[in-house]
Each structure stands twice: as C-alpha cells, then as structure tokens.
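The lines below spell out each chain.
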Amino acid sequence: MDRPPNLPAVRRTGPEPRKEHGMTYDPYQPPPPRRDASPPYASYPWQPPLPPQPPEPRRPTVPPAPLGHHSDLRILRSAYRWQRRVATLTALGYFTLFLILSAYAPSFMTGTVTDGLPRGLLLALGQVPVTWLAIVLYEGTARRRVDPLAALIRKQAELDAKRGAAR
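Residues numbered from 1 in each chain as written. Predicted model: local features only at pLDDT ≥ 70, side-chain atom pairs only at ≥ 80, totals over all residues. Heavy atoms only, no water.

## Details of the pattern of salt bridges
Move 1: In the structure shown here, the tally under the stated rule is two salt bridges.
Move 2: A salt bridge links arginine 143 to glutamate 139; the nearest nitrogen and oxygen atoms lie 3.7 Å apart. Separated by four residues within a single helix, arginine 143 and glutamate 139 lie in helix H4 (residues 127-166), roughly one turn from each other.
Move 3: Arginine 143 sits in the exposed class, given a relative accessible area of 58%.
Move 4: For glutamate 139, a relative accessible area of 40% puts it in the partly exposed group. (Salt bridge = Lys/Arg side-chain N within 4 Å of Asp/Glu carboxyl O. Helix = DSSP H or I, 4+ residues; strand = E, 2+ residues; numbered from the N terminus. Buried < 20%, exposed > 50% of the residue type's maximum accessible area, 1.4 Å probe, protein only.)

## Here's the deal with the nonpolar core
Move 1: Residues Leu76, Ala79, Val146, Ala150 and Ile153 constitute the largest nonpolar core, which totals five residues.
Move 2: Contributions of two or more residues to this core are made by helix H1 (70-104) and H4.
Move 3: Ranked by the residues each element gives to this core, the list is headed by H4, at three residues.
Move 4: When neighbours within four sequence positions are excluded, valine 146 is seen to be in contact with Leu76, Ala79, Tyr80, Gln83 and Thr141. (Core = buried A, V, L, I, M, F, W, Y, C linked by side-chain atoms within 4.5 Å. Contact = heavy atoms within 4.5 Å.)

## Here's the deal with the side chain of glutamine 83
Move 1: Locating glutamine 83 in the fold gives a position in helix H1.
Move 2: Setting aside its immediate chain neighbours within four residues, glutamine 83 contacts Tyr138, Thr141, Ala142 and Val146.

## Some thoughts on a positive patch on the surface
Move 1: Residues Arg74, Arg77, Arg81, Arg84 and Arg85 make up a contiguous surface patch of positive charge.
Move 2: Topologically, arginine 74 is positioned in helix H1. (Patch = residues over 30% accessible without salt bridge, like charges linked within 9 Å, V, L, I, M, F, W, Y side chains within 5 Å. Areas by Shrake-Rupley, 256 points an atom, 1.4 Å probe, with all protein chains shown as cover. Lys, Arg positive; Asp, Glu negative; His and termini not counted. Charge placed at Lys NZ, Arg CZ, Asp CG, Glu CD.)

## Examining the UniProt feature "transmembrane region" (unreviewed entry) in the protein
Move 1: Here the UniProt feature "transmembrane region" (unreviewed entry) sits at residues 86-105 and 117-138.
Move 2: The span residues 86-105 is 95% helical and 0% strand by assignment, and the distance between its end C-alpha atoms comes to 27 Å.
Move 3: Secondary structure content for residues 117-138 is 86% helix and 9% strand, while the C-alpha to C-alpha distance between its ends is 32 Å. (UniProt positions renumbered as here; feature names shortened; annotations may be inferred.)

The structure is reproduced here in structure tokens:
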C-alpha cells in the first residue's frame, strides 16, 4: 500500500485480519455481499405463495399544491352561518311572537282593528309577508356576502388545479 511520505504509519489496534476459507477477513470492513446457491422457493408446495410486497409509496419531488385556503373557507362558513341565522330568526321570531301573544295576551289578540277584523287574524295573515321577507333577506345576504366569497374560493381552486396540472 502506497502512502504519502508526510503521513506516519497508522498502527491498528484490535484483531488482525485473518484468513477463512481462502478469503481474508477484516473485522473493520463490511462483509462481502452474500450469494445464495439457489433461488428462494417454497418449502412446502401445498402452501399458497406469499403475497407480493406492497410497493413503496412514491414521494413527490415537488411539494403538493395547496388544498384550500383555510382562512377563506372559515370566512365563507361564518358568512353562510350569518345568512342562515338572519333568515331563520326573522321567520321563527315572528311566529314565536305570534304564539306568545296568542297564549299570554288573548285580550290583545281578540281586540278588533276594524269592524269584524281581530288583531290575531291580522297578525296571522302577516306571517306570509314575514316569510317572504325572510326569503328576501336570505337571498340578499347570499348575493352580498356568501356568493362573492364562494366565487373567489372557486377561482383560487381553479388556479391551484391549473398549477397542479402544469407540474
């Protein structure tokens, strides 16, 4: 073994390499690759073959495209929640008021507004326009708050999909 002249000889500590079966064995070197004499085969022919090993999962070389903008989805959910609450409380609030007045203020409900038209009937007929008002409020808040957010999220998802397809 040639060594540069400026390096001192390195002295090994530990066991010396030994010869086994005509080969030199050095405990500091990795063992040579093992070579089997015969290919592996089933020990018992009546046993079913072993299932194939599942392939190792492929790891993407490029980071995956974002799956959504969580803050935008959170804003959209809160806007939709607000929309539902406004419409529901409008319709149910009026109906609950009508029921409470019917149960606890019968003299108020039986009082007349004009000849032959009691207040209770007038308030009952008022439920139809209040329901329409709830529908109009629902659609108005959808157009004003929810639809623009949904369109923005949809556009961002399309752009993310195009970026993912380009990769």
